[in-house]
Amino acid sequence: MKSDTLYERSRELMPGGVNSPVRAFKSVGRNPLFIDHAKGSKIYDVDGNEYIDYVCSWGPMILGHGDDRVVGAVQKACENGLSFGAPTEKEAILAERIRQCVPSMERIRLVNSGTEAVMSAIRVARGYTGRDKIVKFRGCYHGHSDGLLVKAGSGVLTQSVPDSAGVPFDYTKNTLVAEYNDSDSVSKLFEENKGEIACVIVEPVAANMGVVLPEEGFLKFLREITRDNKALLIFDEVITGFRLALGGAQEYYGIVPDLSTFGKIVGGGLPLAVYGGRKDIMPVGTVYQAGTLSGNPIATTAGIETLTILAEEKERGLYETLEEKGKLLADHARKVFGDSVWVNQTGSLLSIFFTSKPVHDYASAVASDTKKYAEYFNAMLERGIYLAPSQFEAMFVSAAHSDDDLKATIDAMSLS
Ligand code: KE4
């Protein structure tokens, strides 16, 4: 297969032959497919195979691949040059669109990746509060900046330890790890670190241990405990932003964070991400952050077009339709697999966990049978369905997934 030949060649050039680890298909025990092109809900590998795509580039392609309106706008923008390193009106237009969608984004900064957005938001939180410690949740992923590549310290050691080679302990000692959906674990950290915690960063719907939904009151609790302790609440909406609702999870759940990060959808598939929030917090002037390609005229064009289309489609019921599509897939998976799986779904985000127990946090998620997931993944791939090559990622449904696509997916599941 041409994919295999390309994989061999890439492995000689790039570690693992890929530019992001999950793409290597390691946990599903086969070589990755090399992609030739994609359109709408479909993705085509270099061997001419067509798949219904539920990775959607890990979230950005909510309109479907190669949306003519977005591609057309990008092509036109390219004629005026690709990057200036100087301000353009497009940055303001995109910032206005973002604020229209997410009112808490009173002041923003455009960057190039979710990692950069989160890293910068945490720096602003530390600069604003003058505090060094941060709280994150086990199983939540916020990009690969050093201080966030942590695994919870052992019971005794509340400070985190690095979860990657090359990260000095000093870079992770200020990162405290709590348990998702466990308010007591957060309260305990605030009691043990009075006046020292700058912020709590959370995926309002966790989607990096598979999809794990916030239990009733959890996000409200985080809003209250951060406020009571003069710490900031950061919603990492890189996945949920513009997906769960046009205003993201903060609209969907009605909880307003102090700072938020967005990526993926906001760039329409081009490298663009955002951090921002309360204008009294975001002077940034005292906190250094910069970027050669930040606010790039091509990426901002893709973002503007995407958010404009989402706002229009919202009026035509886009988000209700995405919820229906997600629910249809989730309900059918429960019907086909019975109690051998646990399915979490909200809007167009879902995960099928190969475990019979409820999945509500990291420990219950990792109890899933990853071997069974790999078998499911490969069976579905053979049937023309391209799923995340990991049990601990999400299924993403787009506006381009048709009723026929969903039926074909359900039929393929039924063969399992
Ligand atoms: P990027 O640096 O990959 O643009 O964004 C990092 C990030 C931040 N916050 C959340 C909630 C995220 O999910 C991510 C990145 N998501 C992964 C998928 N789970 C990207 C895919 C990959 O790493 O290849």
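Residues numbered from 1 in each chain as written. Predicted model: local features only at pLDDT ≥ 70, side-chain atom pairs only at ≥ 80, totals over all residues. Heavy atoms only, no water.

Visitor: It is not clear to me how the nonpolar core should be interpreted in this structure. Could you clarify?
Guide: In globular proteins that are soluble, nonpolar side chains generally tend to be buried together. Counting residues in hydrophobic clusters, the biggest one holds 45 residues, and the most contacted among them are Y54, L329, Y376 and L387. Those elements that place two or more of their residues in this core are strand 3 (50–53), helix 10 (318–337), strand 14 (349–353), helix 12 (370–382), strand 15 (385–386), strand 16 (395–396) and helix 13 (403–414). The residues touching Y376, leaving out its near neighbours within four places in the chain, are F337, I352, F354, L387, M413 and S416. Of all hydrophobic cores here, the second largest spans 28 residues; its members include L94, I98, F262 and I298. (Core = buried A, V, L, I, M, F, W, Y, C linked by side-chain atoms within 4.5 Å. Buried < 20%, exposed > 50% of the residue type's maximum accessible area, 1.4 Å probe, protein only. Helix = DSSP H or I, 4+ residues; strand = E, 2+ residues; numbered from the N terminus. Contact = heavy atoms within 4.5 Å.)

Visitor: Please clarify how the pairing of strand 8 (residues 175–178) should be interpreted in this entry.
Guide: Burial along strand 8 is two-sided: the residues T175 and V177 and L176 and A178 are all buried. Here 4 bridges tie strand 5 (residues 133–137) to strand 8, and the two strands are oriented parallel to one another. Paired with K136 across the two strands is V177, which belongs to strand 8. (Pairing = 2+ DSSP bridges.)

Visitor: Mind showing me how you'd approach the environment of M380 here?
Guide: In this fold, M380 is placed in helix 12. Under the relative-accessibility criterion, M380 is labelled buried at 0%. As for M380 and L307, which are separated by 73 residues in sequence, their C-alpha atoms are 32 Å apart. When residues no more than four places from it in sequence are discounted, the contact partners of M380 are I385, L387, T409, A412 and M413.

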